[in-house]
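Residues per chain are reported as follows:
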Amino acid sequence: MPSFEDFHLHPAISATLTRLGWSPDHPAARDTTPTAARGHNLVALTPPAPAYATPVLAAVLSRIAQGRRAILLVPAAQLDEWGGLVHVLARDAGIRVQVARGTARAARRLHEESVDCLVTTPETALNLVMRSALRVETLGAMVLAWPESLSDEESITPLMQDLPKDAQRIIYTSESQRVSTLVERYARKALTVDVPGVATASAGPVRTTNTGWAGRLSALAELIELLDPASCVIWTV
């Protein structure tokens, strides 16, 4: 069985990935990581959970360790989760990470050129560009997480249009049709991977309800009590 180092990952990042419980033959790693490690464009279809991007993040960070800079544009509600994941993977590889919830600290570190990987929302990234702190044209890779969750998908246009032609584009989405125009415009010739066994398909009309993160367990219990299903499968990451 191949190792993550066979995928050309940085040894320290490879070791961390293994320590987190990933193996090279996992579908979320096997079908995506080699492409990401080679610097090619990638579109991955998975449920909207950062955990599925872990092997590809390891590949992106391995390229950062070789001198490339990268930005991760993620939904605001997942900023802490993405940031924590990147910090864990990057810690032993000497990669300098900045999770930007605002512009002040990120702008200072970007001006000092002391950031290798910026993790932030599209809105904050755009503010950093407008302040001349973030120079998109210097980036070697951009990871865009679930752009279909953006209220205005056009908000990322100023960020994508200045990305160098040879910069790597990686898009994670759970609704490939909704981002098809984005992919065609900014990530042409990207390998599209429907991760086996985890990607979801439409099952017809559904109803949803919003709940805070702290209230998710009680909301689930109330839902089961209300529906009283004969059987129940709970999917989580």
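What counts and what doesn't
Throughout, residues of each chain are indexed from 1 in the direction in which the sequence is written. At least 70 in pLDDT is required for a residue's local features to be given in this predicted model, at least 80 for side-chain atom pairs to be given and counted, and no such filter applies to totals for whole chains, interfaces and linings, which use all residues. Water and hydrogen atoms play no part in the side-chain values, which are based on all heavy atoms of the structure. The rule is simple: take the accessible area with a 1.4 Å probe, protein chains only, and divide by the maximum for that residue type; under 20% is buried, over 50% is exposed, in between is partly exposed. Strands here are runs of E lasting at least two residues and helices are runs of H or I lasting at least four, both read from the DSSP assignment and numbered beginning at the N terminus. The criterion for strand pairing is that DSSP finds at least two bridges linking the strands in question. What counts as an axis is a line fitted to C-alpha atoms, over the stretch in contact for a helix, and the angles between N-to-C directions run from 0 to 180 degrees. Any two residues whose heavy atoms approach within 4.5 Å at even a single point are treated as in contact.

S.K.: Honestly, the pairing of strand E2 (residues 70-73) in this entry has me stumped. Any pointers?
M.R.: The side chains of a regular strand alternate, first on one face of the sheet and then on the other. Residue alternation in E2 divides its side chains into two sets, Ala70 and Leu72 and Ile71 and Leu73, and both sets are buried. Note that E2 and strand E5 (residues 141-145) share four bridges and pair parallel. Across the sheet, Ile71 pairs through a bridge with Met142, a residue of E5.

S.K.: Would you take a moment to explain the sheet that holds E2 for this structure?
M.R.: Overall, parallel pairing links the seven strands, which are arranged E3-E4-E2-E5-E6-E1-E7 in an open sheet. The sheet is open, and its two borders are formed by strand E3 (97-100) and strand E7 (191-194), each paired with just one other strand. The sheet shows a mean angle of 10° between the axes of neighbouring strands, direction not considered. For E2 and strand E4 (residues 117-120), the ladder comprises four bridges, and the chain directions are parallel. Within E4, the residue paired with Ala70 across the bridge is Cys117. On the sheet, helix H4 (residues 54-64) packs against strand E1 (42-45), E2, E4, E5 and strand E6 (168-173) and is oriented at approximately 160° with respect to E6. Running at roughly 150° to E3, helix H6 (residues 104-111) makes contact with E3 and E4 of the sheet.

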